[in-house]
Amino acid sequence: MLVVDGMSFPPNSRNLTWQTLRTTAKPEGASEREMGDLLPHRRPPRILVVDDQPSIAGLMSQLLGMRGYDVVTAANAEQAEAEVERQVPDLILSDVIMPGKSGYELCREFKDNPATRLIPFVLITGLTDSGDKLRGIEAGADDFLNKPVLAEELIARVKSLLRLKEFTDELETVDSVLCTLGLIVEGRDPYTEGHCERLATNAADLGRHLRLDQDSIIALRRGGYLHDLGKIAVPDEILKKGSNLSAEEWGVMKLHPVTGENICKPLKSLRLVLPIIRHHHEHSDGSGYPDALNKSEIPVLPRILQVVDVYDALRTARPYKPALSHEHAAQTMREESRRGLWDTELVSEYFFMLERRAA
Ligand SMILES: [Fe+2]
Ligand SMILES: [Fe+2]
């Protein structure tokens, strides 16, 4: 076994010296099948290697580059952040102990950020204490590699994590297709322009203000786009009428939460969004639809989105009503929450947040 600066290579790659690694154009160790694995990608997967030792970063880069991966290196956490900012990678391999921020801190940072949380993060550690591994798990690491790193093990892990990444990317694409569909539904009613985006932003802000966990905040954001997706099945003549619906038309309109839930149901990634879609028209006193739930039965996420949704509707002009001022909308919602429509505490928290934001 060849060990170079903490990196080990299996016997079959013994003939690859640093120089040949550097200059070999055609990968000696990569079989046609391995290269073929990369063919379905539109571009080679991008891997970010973070290590303060240039020799290790260089060797890993060469080894992965030989397999067709697009590899970039960073010597510390700050450089890694800048690289991710420049172009988001498909996988990050990071050393644990580095000058400045540690690999744990870098991992936690990326996992806390919705834009980077789905990038698989592998910690490469020379530490053998199980406590260190626990710290890595707590930081959100997806996998670990021990130093000295075995070339075969490295490639096997990289391949399996990239397969997982490809799968989550596909789910993300389906998510974004549905969100776009939400915007198209919104676009059928010219009076609701920008409603979904405002709702997504404000509902996520209220979630953060209430110190909810990251998954709930993401669900609120998606809920902003998807809550009225079921209106796709509501004919234009009913959707654009807005008010004075006949009993029959009202019956059709009231189906949209269940229709929307059914469209999104097959997607596991939207699990937390489904109750938002289904219950965003329930009322605390049980007078809402589709299930006539009372406050204790309505999950908190739909109650949050509802407060933000109602406020936005009050603040927007419609053919049958003018836009209300912030003060008038706040007064209306406080009265309606006392009458049993909306969650009183969430209404106060939302106005506390909006007024603090405006101050
Ligand atoms: Fe709705
Ligand atoms: Fe809405």
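This text goes with the structure placed above it.
Figured I'd write up the structure that's included with this text.

About the cut-offs
Residues numbered from 1 in each chain as written. Chains lettered and ligands numbered in written order. Predicted model: local features only at pLDDT ≥ 70, side-chain atom pairs only at ≥ 80, totals over all residues. Heavy atoms only, no water. Donors = N, O, S within 2.8 Å, 3.2 Å for Na, K, Ca; no water. Helix = DSSP H or I, 4+ residues; strand = E, 2+ residues; numbered from the N terminus. Buried < 20%, exposed > 50% of the residue type's maximum accessible area, 1.4 Å probe, protein only. Tetrahedral: all angles 85-135°; square planar, octahedral: opposite > 155°, others 65-115°. Core = buried A, V, L, I, M, F, W, Y, C linked by side-chain atoms within 4.5 Å. 1 Å grid on protein atoms, 1.4 Å probe; cavity = no way out; pocket = protein on both sides within 12 Å on 5 of 7 lines; lining within 4 Å. Points joined across faces, edges and corners; volume = space filled by probe spheres on them. Nonpolar A, V, L, I, M, F, W, Y, C, P; charged D, E, K, R; others polar.

## Here's the deal with the coordination of the iron ion (ligand 2)
Distances from the iron ion (ligand 2) to its protein donors, namely His 195 (NE2), His 227 (NE2) and Asp 309 (OD), fall within the range 2.2 to 2.3 Å. Counting gaps between the donor residues of the iron ion (ligand 2) yields the pattern H-x31-H-x81-D. Between the iron ion (ligand 2) and the iron ion (ligand 1) there is a metal-metal distance of 5.1 Å. With His 195 in helix H8 (residues 195–209) and Asp 309 in helix H14 (residues 300–315), the pair connects residues that are 114 residues apart, well separated along the chain. Both residues of the pair, His 195 and Asp 309, count as buried.

## What about the coordination of the iron ion (ligand 1)?
The coordination sphere of the iron ion (ligand 1), as far as protein atoms go, consists of Asp 228 (OD), His 256 (NE2), His 280 (NE2) and His 281 (NE2), spread over 2.0 to 2.3 Å. Geometry at the iron ion (ligand 1) is irregular, judged from the 4 donor atoms that bind it and their angles of 86 to 178° at the metal.

## Points about the nonpolar core
If you look at the biggest cluster of nonpolar residues, it comprises 40 residues, and the most contacted ones within it are Leu 226, Cys 264, Met 333 and Tyr 350. The set of elements that each furnish at least two residues to this core consists of helix H7 (151–187), H8, helix H9 (214–226), helix H13 (274–279), H14, helix H15 (326–338) and helix H16 (344–358). Sort the elements by how many residues they give to this core and H14 lands first, with 8 residues. The next biggest cluster of nonpolar side chains, apart from the first, holds 22 residues, and it includes Ile 56, Leu 63, Val 122 and Ala 151.

## Things to note about the layout of surface pockets
Of the voids in this model, the largest pocket is the one considered here, and its volume is about 1,100 Å³. Looking at the largest pocket, it is lined by 41 residues, and the ones nearest its centre are Lys 231, His 281, Ala 313, Arg 318 and Tyr 320. Mapped by element, the contributors of at least two residues to the lining of the largest pocket are H7, H8, helix H11 (247–253) and H14. Examining the composition of the lining of the largest pocket, we find that 5 residues originate from one element, H14, more than from any other. Among the residues forming the lining of the largest pocket, the class breakdown is 18 nonpolar, 12 polar and 11 charged. Counted as a void, the second largest pocket has a volume near 870 Å³.

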